[in-house]
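# Results of the structural survey
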Amino acid sequence: MKTFTKPFTQQEPIPEAAIARAVEVMRTGRLHRYNTLGDEPSETALLESELAAYLDVPYCLTCASGGYALHVALRSVGAGPGDAVLCNSFTLSPVPGAIDNAGCRPVLVETGPDYKIDIADLAAKAEASGAGFLLLSHMRGHIADMDSIVAVCRDHNLVLIEDCAHTLGARWNGRMSGSFGAVACYSTQTYKHLNSGEGGFLATADAEIMARAVIHSGSYMLYGRHIAAPDESVFRDIRLETPNYSGRMDNLRAAILREQLHHLDDNCARWNRLHGVLEQGFRALPGIEIPARPQHEQYVGSSIQFSLPGFPEQAVRAFIGACAERGVEIKWFGDEEPRAFTSRFDSWRYIDPAVDLPATRRVLAGLCDMRVPLTFDEQDCRLIVDVVGEVLEEVRPIRQASEGAA
Ligand SMILES: *Cc1c(COP(=O)(O)O)cnc(C)c1O
C-alpha cells in the first residue's frame, strides 16, 4: 500500500531576489504606494507597468485581492444596484460574492461536462434575464470556447469581465486569456500563479474603465503617480463622480511580485509538465474520466480536475477519504456541505434559489479537484497516480454494492 507524504498546500519559497527587494523597500519605510520622494516611481506603479507589458495591455491596476478586483471591475464597467450579472455556477464563492458586493444580482449559468460555462444556457439566460454583464470565470484554468463567448456577448450586448485567477499565463488560440473582454481580473493570493499572500490586479485597454477603477481603488487625487494608467485629463470628471472603495496594493507586496513575474512563464511550463504526468496517469485508470481539451486551449495546469462518472455519493466519499488517509488531498465539488475553499452553488443562499441547475449538479456530483504545487516533482506525480489507482481498486466493492442496491 503506497502513501504520499508531501503537503498539497506547500508553495515554493519567495525568490531570494524578491526577498532582497522587499527588505530594501522596508528599509525606506515608504510602504504606501503614494508615499514617494520627488519623481521616483513607486514599486507598485512599476509592477503595474510590468504586468501591463506582460499582458500587452495599456492599463493595469493592482489592488487588495482578486475578489476586490472583480468588484471594482464590475462597478467600473457600470454595473450597479439591481443589475443582473451572469456568471458560472462552477466557480469559487468570491465570484458571486463580488457581484453581490457591487449591489448586483448573480444569474448562475449551467456547467457543461467539460467543466466550462454552458454556452447554450448562457445565451438562454442572457435572453431571459436581460442581463448586461457576464462575469466569466476561467475556473481552475478551464477556458471556454472564447470565439463563441465573444459572439454570445455581441449578440446579447453583454459586457464581458474575465476572471483569470487561474489563467495568468494561459492563452486561447494564441491570444492571452483576459484579452477578450472589457476587463480582466487576477489574484496574487498564495494559491494562484503569483504569490504575495493576498493581492490582485485588473487589466483593461479602456481608458475610462481604468480611470474609474483607479479612483475606486483609493487613489485619492494621486492618480497622476500611476504609470500604466490613462492621461490625467481622463480623470477630470471621473475623479468627482467615483466613490473611493479603498483597497490598494502596497509597495511591499509589489516588491515580492515584481521578481516573480520574471519566472512566470517558466513556472507555467513546469506546472504543465507535472499536470501532464498526472493527466496521462489518471486517464489510464479505470473509473476516471478527464474531458478532452481543445487544441485552442493553452491552459496552465496548476491544478487538475477529473470525474468519477456513475460513482454513487457513498463511493465518492469513500474514494476521497481513502486518498486522504494515504496523503493524497482531493477536493470534491459535489459535496452538499461546503468545506474549506470549496462550496457548491446551492450553498450561496443569498442568491435567488428559485432556479435549479440540474446539469451542473450532475457534473459536480463526480467532480474531483487536486492542487499541483510546484514543490512536487514528476516522481511525486507518478506516486500520486499509483495511490489513486490503488484506492480506486479498494473502493470498487463499495461502488458495486451501492450499484447493486440501487
Ligand atoms: C482565488 C479566486 C478568486 C478570488 O481571489 P482572492 O484574491 O482570493 O480574492 C476569484 N475567482 C477564482 C476562480 C479564484 O480561484
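Look up a bit, the structure's there.
These figures come from a predicted structure and were not determined experimentally.

Take unusual backbone geometry next. Phi is mostly negative for residues that are not glycine, and the peptide bonds are mostly trans. Phi is positive for N157, close to 55°, though the residue is something other than glycine. Among the secondary structure elements, N157 is positioned in the loop between α6 (146–155) and β5 (159–163). Phi is positive for A340, close to 45°, though the residue is something other than glycine. Mapping A340 onto the fold places it in the loop between β12 (331–332) and α11 (358–365).

The sheet built from seven strands is open, its strands ordered β1-β9-β8-β5-β4-β2-β3 with mixed pairing. The outermost strands of the open sheet, each flanked by one partner alone, are β1 (59–63) and β3 (105–109). Shown here is a sheet whose adjacent strand axes are inclined to one another by a mean of 20°, direction ignored. With five bridges connecting them, strand β2 (residues 84–88) and β3 associate as parallel partners. Pairing of V85 across the sheet is with P106, part of β3. The strands that helix α7 (residues 207–216) touches are β1, β8 (183–187) and β9 (200–204); relative to β1, the one it contacts most, it runs at about 20°.

In this structure, the largest pocket occupies an estimated 370 Å³ of space. Those elements that provide at least two residues to the lining of the largest pocket are β3 and α5 (119–129). The biggest single contributor to the lining of the largest pocket is β3, with four residues. For the lining of the largest pocket, the residue count by class is ten nonpolar, one polar and seven charged.

We now examine the packing of aromatic side chains. Applying the stated criterion to the full structure yields nine aromatic pairs. Between F4 and F376 the ring centres are 5.1 Å apart and the planes differ by 75°, which places this aromatic pair in the edge-to-face class. Here F4, found in the segment before α1 (16–28), pairs with F376, found in the loop between β13 (367–371) and α12 (378–405); they are 372 residues apart in sequence, far enough to count as distant. Both residues of the pair, F4 and F376, count as buried. An angle of 85° between the planes, with centres 5.0 Å apart, marks the rings of F8 and F376 as edge-to-face. Here F8, found in the segment before α1, pairs with F376, found in the loop between β13 and α12; they are 368 residues apart in sequence, far enough to count as distant. Neither residue differs from the other here; F8 and F376 are each classed as buried. Three or more aromatic residues joined by ring pairs form one cluster here, namely F4, F8 and F376. It is R175 that lies over the ring of F180; its NZ or CZ is 4.0 Å from the centre.

A few words on the pattern of salt bridges. All told, the structure shown has 27 salt bridges when counted by the stated rule. The partner of K125 in a salt bridge is D121, and the shortest N-O contact between them spans 2.8 Å. Here D121 and K125 lie together in helix α5, a separation of four residues that amounts to about one turn. Take K125 and D121: they sit in the same class, and that class is buried. Between R361 and D346 there is a salt bridge, and its shortest N-O distance comes to 3.2 Å. In this pair, R361 is assigned in helix α11 and D346 in the loop between β12 and α11, connecting sequence segments 15 residues apart. Judged by relative accessible area, R361 falls into the partly exposed class, the value being 30%.

Summed over all chains, the structure comprises three cavities of 30 Å³ or more. The volume enclosed by the largest cavity comes to roughly 250 Å³. In terms of lining, the largest cavity is formed by 17 residues, of which the most central are H166, Y191, K192, S302 and R371. Of the residues contributing to the lining of the largest cavity, the split by class is six nonpolar, six polar and five charged. When residues of the lining of the largest cavity are assigned to domains, at least three map to each of domain 1 (16–262) and domain 2 (264–405). Here the second largest cavity defines a volume of roughly 80 Å³.

As a matter of local geometry, the ligand sits amid 14 residues, with G66, G67, D163, S187 and K192 nearest to it. Between G66 and the ligand, the recorded distance is 2.7 Å, taken from a backbone N or O atom to an oxygen atom. The side chain of Q189 places a nitrogen or oxygen atom 2.8 Å from an oxygen atom of the ligand. Look at the ligand: alone it shows 380 Å² of surface, and the protein chains cover 93% of it. With respect to the pocket detection grid, the ligand is positioned in the second largest pocket. Within the residue set of the shell around the ligand, elements represented by two or more residues are α3 (66–76) and α4 (94–101). Its residues assigned to classes, the shell around the ligand shows four nonpolar, eight polar and two charged.

Rules behind the numbers
By convention here, each chain's residues receive numbers from 1 onward along its written sequence. Residue-level local features of this predicted model are given only where pLDDT is at least 70; pairs of side-chain atoms are given and counted only at 80 or more, and the full residue set underlies all totals for whole chains, interfaces and linings. Hydrogens and waters are ignored; side-chain quantities use all the structure's heavy atoms. Numbering of helices and strands runs from the N terminus; a helix is a DSSP stretch of H or I covering at least four residues, while a strand is a stretch of E covering at least two. In this scheme, strands are said to pair when DSSP sees at least two bridges between them. All axes are obtained by fitting lines to C-alpha atoms, using only the stretch in contact for helices, and the reported angles, taken between N-to-C directions, cover 0 to 180 degrees. Two residues qualify as a contact provided that any one of their heavy atoms is within 4.5 Å of a heavy atom in the partner residue. Site definitions follow a grid-based scheme: protein atoms alone, a 1 Å grid, a 1.4 Å probe that fits but cannot get out for cavities, and for pockets an open set with protein on both sides within 12 Å along at least five of seven lines, plus lining residues having an atom within 4 Å of a point. Grid points are joined across faces, edges and corners, and a volume is the space filled by probe spheres set on the points. Each residue gets one of three labels, nonpolar for Ala, Val, Leu, Ile, Met, Phe, Trp, Tyr, Cys and Pro, charged for Asp, Glu, Lys and Arg, and polar for the others, Gly among them. Note on ring pairs: Phe, Tyr and Trp rings are taken, using the six-membered ring of Trp, and paired if centres are within 6.5 Å. Classes follow the plane angle, with under 30 degrees stacked, over 60 edge-to-face and the rest tilted. To sort residues, take the accessible area from a 1.4 Å probe on protein chains only and compare it with the maximum for the residue type: under 20% means buried, over 50% means exposed, and anything in between is partly exposed. Geometrically, a charge over a ring is one whose NZ (Lys) or CZ (Arg) sits within 6 Å of the ring centre while staying within 35 degrees of the ring normal. A side-chain nitrogen of Lys or Arg and a carboxyl oxygen of Asp or Glu constitute a salt bridge if their distance falls within 4 Å. For the purposes of this description, domain bounds are those given by an automatic or database domain assignment. Throughout, near means a residue has at least one heavy atom within 4 Å of the molecule or strand. Polar contact is the term for a pair of N or O atoms within 3.5 Å; when the atoms are in protein, one must be able to donate a hydrogen and the other to accept it, and sequence-neighboring residues count only if both atoms are side-chain atoms. The method behind every accessible area is Shrake-Rupley, applied with a 1.4 Å probe, and residues are considered shielded solely by the protein chains displayed. What decides whether a molecule sits in a cavity or pocket is whether more than half of its atoms lie within 2 Å of the grid points.

The analysis is restricted to geometry; functional conclusions fall outside its scope.
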